Each structure stands twice: as structure tokens, then as C-alpha cells.
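One letter stands for each residue in the lines below.
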Amino acid sequence: AWLWIKYRYFRPRAYAVRAGGVTSESVVSVIIPAYREKGKLGRTLRHLFASAAKKIEIIVVDAGGKDGTMDECEGLNVKIAESTRGRGPAVAAGARIATGDVLLVVHADTLVPQGYDEFVRTALAREDTLATAFRFKVDRATLTKPELPFLVMESTVHIRATTLQLPFGDQALGITKQNFVALG
């Protein structure tokens, strides 16, 4: 079962952040930082398009891997941005060209649940939620090793994300564009 996690950050006065303001019609801009992701990105892109409930835009940010990763975008309705190496600069480059009210940062090898965009809109529409993430789960169909270590990993990631409010990037992180810009 997929769920969103509410984040209640301390709100310093220096930042003009606010919760809520997202509607069921808000466009979700999916940002995928891509550095040497050949063989993974195409599957994720097709899954994102097939799993969306409403209007989304997908932005793939080329972080300079030069391994043919960006070739997997050919023929798909995605925006392309370029950045220097590193996830931070890549996410910022994608956010600059995003037209949606909501940003969802997804790793190139992450698969999100069916209707993921609706889950994100619903979570960010709440007045007590500034950011959101999905529950981490390993794709068991691709496992070549015993499942027990992955069950332990799923459990510890869940504890970290819910207790410490620190999700991993593999959980797909959602935030409004307004708050992303305000937080820098």
C-alpha cells in the first residue's frame, strides 16, 4: 500500500513557505535528474506516462553523463534541460523550466504507483503538509537475491521517513514550486 508522509517542518520567518494551495487541477511537473542512467530511464518514463491520472509534464535533466541516457527520451513528450553534475543542480535546472504548480522529483530508476499524481495533489492540498513522499518498496520482480535484506531495508527506510521526517530520493519527493523557490 502506497501512502504519503506529512512533513511538518519548522518554519523560519526568513522563508515565505505555506502549506496547501494545490487543487485537483494543478499540473504536476515530474523532474528526473539523469546521470548515466542508460537502460533505466526509458522504463521509468513510460511508466510515468502510463500511471498518471491527470495532466503532468515530465522534465529530464541531463547532468552530463554522456552515455546515451538522453537517447531514451526520443519520441516521448518530455522537456529536456541540462545541468552540471549532481542531483541538486539538476533538480534546480528542472524546476526553472517547470510550468506546473507541483514538483515531483523522481530518480531515473524509480517506479511510482498508479495515479501517483493524484496522491501528490491530495497530500499537498492539505494545510498541514509542506512536502510529501511515497513509501519505499523494492520491485520484487527484479530481485536476484534473497528477499529478507530488502524487507529489512524497506522497514528501516519507513521508520526513518516517518519518525525523522527524512525520506530518501528513491521515494519520489513532492513539493509545491512556490515552496521550492522560497526555500532555495
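Everything in this summary refers to the structure shown in the same document. On a predicted model such as this, the values are computed, not experimentally measured, just so you know.

**Let's talk about the overall build of the protein chain**
Across its full length, the protein chain holds 5 helices and 6 strands. Ordering the α and β elements of the protein chain from the N terminus gives β-α-β-β-α-β-α-β-α-β-α. Dimensions of the protein chain along its principal axes, counting C-alpha atoms only, are 45 × 40 × 30 Å. The buried share among the 184 residues of the protein chain stands at 44%. Here the contacts in the protein chain between residues at least 6 apart in sequence split such that 75% fall between residues at least 24 apart. Only carbon and sulfur atoms are counted for the fraction: they give 56% of the accessible area of the protein chain, which is about 9900 Å². Counting 25 positive and 19 negative side-chain charges, the protein chain places the centres of these two groups 6 Å from one another.

**Here's the deal with the environment of methionine 153**
Note on placement: methionine 153 falls in helix H4 (residues 148-163). You can call methionine 153 partly exposed: its relative accessible area is 33%. Sequence spacing of methionine 153 and arginine 87 is 66 residues, and the spatial spacing of their C-alpha atoms is 23 Å.

**Structural notes on the packing of aromatic side chains**
Counting across every chain of the model gives 1 aromatic pair. With a centroid separation of 6.2 Å and an interplanar angle of 70°, the aromatic rings of phenylalanine 119 and phenylalanine 134 are classed as edge-to-face. One end of the pair, phenylalanine 119, is in helix H3 (residues 116-125); the other, phenylalanine 134, is in the loop between strand S5 (131-133) and H4, with 15 residues separating them in the sequence. Relative accessible area serves as the criterion here: at 30%, phenylalanine 119 is assigned to the partly exposed category. Since its relative accessible area comes to 4%, phenylalanine 134 is described here as buried.

**Observations concerning unusual backbone geometry**
Backbone geometry places arginine 36, a non-glycine residue, at a positive phi of 55°. Position of arginine 36 relative to the elements: it lies in the loop between strand S1 (28-34) and helix H1 (41-51). Taking relative accessible area as the criterion, arginine 36 reaches 52% and is therefore assigned exposed.

The rules behind each value
- Residues numbered from 1 in each chain as written.
- Predicted model: local features only at pLDDT ≥ 70, side-chain atom pairs only at ≥ 80, totals over all residues.
- Heavy atoms only, no water.
- Helix = DSSP H or I, 4+ residues; strand = E, 2+ residues; numbered from the N terminus.
- Buried < 20%, exposed > 50% of the residue type's maximum accessible area, 1.4 Å probe, protein only.
- Contact = heavy atoms within 4.5 Å.
- Areas by Shrake-Rupley, 256 points an atom, 1.4 Å probe, with all protein chains shown as cover.
- Lys, Arg positive; Asp, Glu negative; His and termini not counted.
- Charge placed at Lys NZ, Arg CZ, Asp CG, Glu CD.
- Phe/Tyr/Trp six-rings, centres within 6.5 Å; stacked < 30°, edge-to-face > 60°.

Read these as layout, nothing more, since geometry by itself doesn't imply function.
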